[in-house]
Amino acid sequence: VPENAHFGQAGDPSSPLLTVKHAMVQLNYRALLKLHLQVDSVTLLNGKLQWPLSDTNQPSRELVVDEIRTHVRFLPNDEWALDNFRAQFAGARFTLLGKIAHASSIREWQFLHRREPATAGQWRARLNRLADFIENTQFSEPPEFRLNVRGDARDLQSFSVRMMLSAPGA
């Protein structure tokens, strides 16, 4: 049970940083008895993702996703289940759920493999546009976004997505 864990690129203050107050990793003890390391699930509590956007000569600016809590299960037959991911971003509450069969096949999805990956400058520009949009958007009450995704990673046509957005006073 790691506590106060930090995940990010060491020595690079401009890279994203994920901090987690509590992380729980559930190992498969039967596999461990056979000297195989197998993770059955991971739980994160009180997480915070900070993505700095400012250059060195500019005022401090960052995108922050906080109050992250989630539980991911790695099931038999290469199935992953995301149970109750919750977070807050830009004043909105997000909930994500899902189950993906043959999950390791995600790495073969062609649209994830761009010929020319975006540069750090391109990412920073995109994220700054997002931050500008967020700063200019106001709600009378915090919006809520729920997403439930299910499918087989070997067949993109099998995916179903249910989305609910509640934004009173938008």
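This one's a predicted model, so the numbers in the text were calculated from it and none came from an experiment.

Chemist: Where do I start with the pairing of strand 8 (residues 155-166) in this structure?
Modeler: Regular strands place side chains that alternate from one sheet face to the opposite one. Where strand 7 (residues 144-152) meets strand 8, eight bridges bridge the pair, whose relative direction is antiparallel. Each residue of the ladder has a partner; that of Asn-148, found in strand 8, is Arg-162. Taken together, strand 7 and the strand that follows it, strand 8, pair antiparallel across an intervening segment of two residues.

Chemist: Is there a simple way to explain unusual backbone geometry in this structure?
Modeler: The general pattern is negative phi for most residues beyond glycine and trans for most peptide bonds. In the Ramachandran plot, Asn-4 falls in the positive-phi region, its phi being about 55° despite a non-glycine side chain. Among the secondary structure elements, Asn-4 is positioned in strand 1 (residues 3-8). One non-glycine residue with positive phi stands out, namely Glu-67, at about 55°. With respect to the helices and strands, the residue Glu-67 is situated in strand 4 (residues 62-75).

Chemist: Would you mind going over the side chain of Glu-144 with me for this structure?
Modeler: Assignment of secondary structure puts Glu-144 in strand 7. The buried category is assigned to Glu-144, whose relative accessible area is 16%. Among the polar contacts listed, one links the side chain of Glu-144 to the side chain of Arg-146, at a separation of 2.7 Å. Setting aside chain neighbours within four positions, we find Glu-144 in contact with Arg-93, Met-164, Leu-165 and Ser-166.

Chemist: Whenever I open this one, the packing of aromatic side chains confuses me. Can you help?
Modeler: Going through the model one piece at a time under the given rule, you end up with four aromatic pairs. Their ring planes at 55° and their centres at 5.4 Å tell us that Phe-94 and Phe-145 sit as a pair that is tilted. Residue Phe-94 is found in strand 6 (residues 92-101), and its partner Phe-145 is found in strand 7; the two are separated by 51 residues along the sequence. Taken together through their ring pairs, the aromatic side chains of Phe-89, Phe-94 and Phe-145 make up a single cluster.

Chemist: What's the story with the pairing of strand 6 in this structure? I'm lost.
Modeler: Alignment of strand 5 (residues 79-89) against strand 6, held across eight bridges, turns out to be antiparallel. Among the inter-strand pairings, Ala-87 is bridged to a residue of strand 6, identified as Phe-94. Hairpin connection between strand 5 and strand 6: a loop of two residues separates the two successive antiparallel strands, and Ala-90 in this loop has a positive phi of roughly 55°. Bridge count for strand 6 against strand 7 is nine bridges, and the pairing is parallel. When the sheet's bridge partners are listed, Phe-94 is paired in strand 7 with Phe-145.

Chemist: Is there a simple way to think about the pattern of salt bridges in this case?
Modeler: Once their charged atoms are close, side chains differing in charge can pair, the charge on each being opposite to the other. Under the defined criterion, the tally for this structure stands at five salt bridges. Measuring nitrogen to oxygen at the nearest pair gives 2.5 Å for the salt bridge that ties Asp-132 to Arg-61. In this pair, Asp-132 sits in helix 2 (residues 120-135) while Arg-61 sits in the loop between strand 3 (39-52) and strand 4, placing the two residues 71 residues apart along the sequence. Among the residues examined, Asp-132 registers a relative accessible area of 36% and is labelled partly exposed. A residue is classified by how much of its surface remains accessible, and Arg-61, at 22% relative accessible area, is partly exposed. Close ionic contact of Arg-61 with Glu-135 constitutes a salt bridge, the shortest N to O distance being 3.3 Å. One end of the pair, Arg-61, is in the loop between strand 3 and strand 4; the other, Glu-135, is in helix 2, with 74 residues separating them in the sequence. Three or more residues joined by partner-sharing salt bridges are found here, namely Arg-61, Asp-132 and Glu-135.

Cut-off values and rules
- Residues numbered from 1 in each chain as written.
- Predicted model: local features only at pLDDT ≥ 70, side-chain atom pairs only at ≥ 80, totals over all residues.
- Heavy atoms only, no water.
- Pairing = 2+ DSSP bridges.
- Helix = DSSP H or I, 4+ residues; strand = E, 2+ residues; numbered from the N terminus.
- Buried < 20%, exposed > 50% of the residue type's maximum accessible area, 1.4 Å probe, protein only.
- Polar contact = N/O pair within 3.5 Å; in protein donor to acceptor, adjacent residues only side chain to side chain.
- Contact = heavy atoms within 4.5 Å.
- Phe/Tyr/Trp six-rings, centres within 6.5 Å; stacked < 30°, edge-to-face > 60°.
- Salt bridge = Lys/Arg side-chain N within 4 Å of Asp/Glu carboxyl O.

The values reported here are purely geometric and, on their own, carry no functional implication.
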